[in-house]
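Results of the structural survey
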Amino acid sequence: SICYLDGQYLPLEQARVSPMDRGFLFGDGGYEVIPVYSRRPFRLEEHIVRLGHTLAAIGLPDPHSAAEWAAIVREIVARNDWQDQSVYLQVTRGADDKRNHAFPAEVRPTVFLMSDALVTPSVAQLESGVAAVSAADFRWLRCDLKTIALLANCLLRQQAVAQGCAETILFRDGFLTEGAASNIFIVRDGVMLTPPKSHLMLPGITYDVVLELAQRHGLAHEVREILEDEVRAADEIWMTSSTKEVLAITTLDGRPVGSGRPGPVGRQMHAWYQDFKN
Ligand code: PDD
């Protein structure tokens, strides 16, 4: 595939970054994953705005204007073969000549984009849903930033994979935060519930779309703190992300969620989402 590195488009296997890059040494950078349907980036502007928030919050000067970012994303899409793609974009605080926690005096950000075929959930996964486990959310207190320092998320996701499951649902102090790489929605008595945006979760682009769709179609919903016990007693649980879209979680820690099958509200939301993204 063709990637972008610091102003150049080149085959991915030819791209080289210094081992002194702060992304490599410190996980010092921000990123986005942008879904592309029929060669059209979905919610591109929102992803670029969120990247801007991440970079501003970590004191990394944004190397590009929104228009420039959009142009680079479109070029990567054009240069790769797939109709549906998942574009990965990251910006790090660049390389220094010494390893030093403090920022370099002069920062030259490293900008890297790559693309892959977008793999959304399979028909089988949509029909049966997926299994999840739960874990205590031991991440830091800036989960609202989309930074490339994802070790905690990797460890938490691996807990699911080690048990043959697809996602780990995270609880902090008895409340739902999100998934290891997704936001979480539940349904109780026909009402869709999800936690409010805070420093404890990533403000998902898909999360926003789902809330917009609920509003547009008049689906009863509430954005509020959700107790762990409410999740365990939910009729439906879904995970949402740019690559998973809206995916039912039908078992949690080995116990069925509601009927143990994807529920009617989630099926409806999935259908609205499919309609909306095209
Ligand atoms: N992850 N929460 C976390 C911790 C995430 O990593 C993600 C996405 C989301 C959902 O955000 P969005 O709807 O904007 O994709 C929530 C991406 C896909 C990833 O790291 O691959």
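So, a few notes on the structure that sits alongside this text. (Residues numbered from 1 in each chain as written. Predicted model: local features only at pLDDT ≥ 70, side-chain atom pairs only at ≥ 80, totals over all residues.)

**Some words on helix α6 (residues 205–217)**
The criterion, for reference: Counting from the N terminus, the helices are the DSSP runs of H or I reaching at least four residues and the strands are the DSSP runs of E reaching at least two. For a helix, the expected span equals 1.5 Å multiplied by the number of residues minus one. Comment: burial labels come from other C-beta atoms within 10 Å of the residue's own C-beta, placed from the backbone, where a count of 20 or more is buried, 12 or fewer is exposed, and between is partly exposed.
Helix length check: α6, at 13 residues, gives a terminal C-alpha distance of 18 Å against a target of 18 Å (1.5 Å per residue), a fit within 8%. Among all positions in α6, only Ile205, Thr206, Tyr207, Val209, Val210, Leu213 and Ala214 are buried. Gly218 sits one or two residues past α6 and shows a positive phi near 70 degrees.

**Here's the deal with the nonpolar core**
Inclusion rule: A set of buried Ala, Val, Leu, Ile, Met, Phe, Trp, Tyr and Cys residues, joined to one another through C-beta atoms within 7 Å, is what we call a nonpolar core. Note on contacts: each residue gets a C-beta atom placed from the backbone, and two residues are in contact if those atoms are within 7 Å.
The biggest cluster of nonpolar side chains holds 37 residues, and the ones touching the most others in it are Ala132, Ile186, Val210, Ile237, Trp238 and Ile249. Looking at which element gives the most residues to this core, the answer is α6, with six residues. Sequence-distant contacts of Ile249, defined by excluding residues within four places in its chain, comprise Gly129, Val130, Ala132, Glu167, Ile237, Trp238, Met239 and Val257. With 20 residues, the next largest nonpolar core counts Tyr4, Leu44, Leu55 and Leu89 among its residues.

**Remarks on helix α8 (residues 264–277)**
Stated formally: This arc is built from the directions going out from the helix axis to the C-beta atoms.
End to end, α8 covers 20 Å across 14 residues, agreeing with the expected 20 Å (1.5 Å per residue, within 8%). All buried positions along α8 are accounted for by Val265, Gly266 and Met269. On an axial view of α8, the arc spanned by its buried residues comes to 95 degrees, and they lie on one face. Looking at α8, the residues exposed on the side facing more than 90 degrees away from the buried face are Ala271 and Asp275. For α8, the elements touching its buried residues are β10 (183–188), β11 (191–194), α6, β13 (236–241) and β14 (245–252).

**A short note on the pairing of strand β6 (residues 110–117)**
Defined as follows: Between any two strands, pairing holds if DSSP finds at least two bridges.
As defined by bridge partners, strand β1 (residues 2–5) adjoins β6 across two bridges and the pair is classed as antiparallel. In the sheet register, Leu5 faces β6, and the bridge partner there is Phe112. As paired elements, strand β5 (residues 85–92) and β6 share eight bridges and run antiparallel to each other. Note on β6: the bridge partner recorded for Gln85 is Ala117.

**Details of the sheet that holds β5**
Keep this limit in mind: All axes are obtained by fitting lines to C-alpha atoms, using only the stretch in contact for helices, and the reported angles, taken between N-to-C directions, cover 0 to 180 degrees.
Strand order in the open sheet made by the six strands is β2-β1-β6-β5-β3-β4, with antiparallel pairing throughout. Only two strands of the sheet have a single partner each, and these edge strands are β2 (8–11) and β4 (40–41). Where strand β3 (residues 29–37) and β5 come together, eight bridges link them in antiparallel fashion. When the sheet's bridge partners are listed, Val36 is paired in β5 with Gln85. Across the sheet, helix α2 (residues 44–57) lies against β3, β4 and β5, angled at about 175 degrees from β3, the strand it touches most. Contacting β1, β2, β3, β4, β5 and β6, helix α3 (residues 66–79) runs over the sheet at an angle of about 135 degrees to β5.

It is worth stressing that arrangement in space is one thing and function is another; only the former is reported here.
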